[in-house]
Amino acid sequence: MEKIALELNNVSKQYKDFNLDNVSFKVPQGSIVGLIGENGAGKSTTINTILGLIKKDGGTITMLGKKDFDAACRENIGVVFDGNNYPDMLTPKQLGKVFKNIYSSWNRKKYEELLKKFNLPSDKKIKQFSKGMKMKYAVSVAFSHNSKLLILDEATSGLDPIMRDEILDMFLDFIQDDENSILVSSHITSDLEKVADYIVFIHDGKIVFSKPKDELLENYGIIKCGSDLFDKIDKEKMIAYRKQDYEWQILIDDRQSAQKKYPKALIVPAGIDEIMLMYVKGEIK
């Protein structure tokens, strides 16, 4: 039976101009789940609700076998936000002493190794760090207290491609232990195509889909055609469509079958970016 590290079931939160609308998805143990969506779609609200930083209005959250976020969960969860969440006036050396008192499983040796790996000066105040340095520092902390679940909000934001690749390798190494799991939101969908096992797509506060990444990349496609072929294509097979200049683009979820049915049509694989764009910008069937 599949073990679940994190499960949201019909989680809701109402604001004046935005609702988190019955959000449900799972993060299986030993997996990386990528959370995607445009700005304002509800990614950060979802993550903040999981962490108890926002009080939900309804639904349930089960994390590492416990309902909602508590002190026991905090010990086993590593969190990285898009931005700095550490005291600006302290140095990594000073913060290391703070974390030793917060986490019973604090690993000073691992922490110092990661500071060295990322070329982060231990005696420099956090406020003097660049955005990329702050992100690398947050990753260092998350990996230094025996976390079982990492929750990462734009964790590769502000990093150069080489450093992003290095951190992605760390994520993959982390889940080699099948008790470890990662939920990561990201605008850099190419990163998720490299490492994610599942993709959860949120739009306007609602979950559009939660699917295995390989299923999306292997099966989804975009038909590019003129008006004559567009009129002949089975509308029931269209997920979304839009007109681009003189060309119609149609999102489908079985490009192999479509190619057999419409052999003269140009059908290209759809990456995660293209799938998201068609859902957001296209007409939904």
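For the structure, check the block above.
Residues numbered from 1 in each chain as written. Predicted model: local features only at pLDDT ≥ 70, side-chain atom pairs only at ≥ 80, totals over all residues. Heavy atoms only, no water.

A few words on the pairing of strand β12 (residues 240–244). A regular strand carries its side chains on alternate faces of the sheet. Summarising the sheet, β12 and strand β13 (residues 247–252) pair through 5 bridges and their orientation is antiparallel. By the bridge assignment, Gln244 is partnered in β13 with Glu247. Where β12 folds back on β13, the antiparallel hairpin that results is connected by 2 residues, among which Asp245 adopts a positive phi of roughly 55°. Summarising the sheet, β12 and strand β15 (residues 283–284) pair through 2 bridges and their orientation is antiparallel. Bridged to Tyr241 within β15 is Glu283. (Pairing = 2+ DSSP bridges. Helix = DSSP H or I, 4+ residues; strand = E, 2+ residues; numbered from the N terminus.)

Tallying each qualifying case throughout the model produces 9 salt bridges. Among the salt bridges present, the one from Asp57 reaches Lys13, with a minimum N-O distance of 3.8 Å. Taken together, the positions of Asp57 in the loop between α1 (43–50) and β4 (58–63) and Lys13 in strand β1 (residues 4–14) put the pair 44 residues apart, joining distant regions of the chain. Residue Lys13 is classed as buried on the basis of its relative accessible area of 14%. (Salt bridge = Lys/Arg side-chain N within 4 Å of Asp/Glu carboxyl O. Buried < 20%, exposed > 50% of the residue type's maximum accessible area, 1.4 Å probe, protein only.)

Now for the sheet that holds strand β9 (residues 198–203). Within the open sheet, the 6 strands sit side by side as β6-β7-β8-β3-β9-β10. Their pairing is mixed. Looking at strand neighbours, the two that pair on one side only are β6 (77–80) and β10 (206–212), the edges of this open sheet. Ignoring which end each strand starts from, the neighbouring axes of this sheet average 15° apart. As paired strands, β9 and β10 are joined by 6 bridges and run antiparallel to one another. Note that in β10 the partner of Val200 across the bridge is Ser210. Those strands touched by helix α5 (residues 131–142) are β6 and β7 (149–153), and its axis lies near 175° from that of β6. (Axes fitted to C-alpha atoms, helices over the stretch in contact; angles between N-to-C directions. Contact = heavy atoms within 4.5 Å.)

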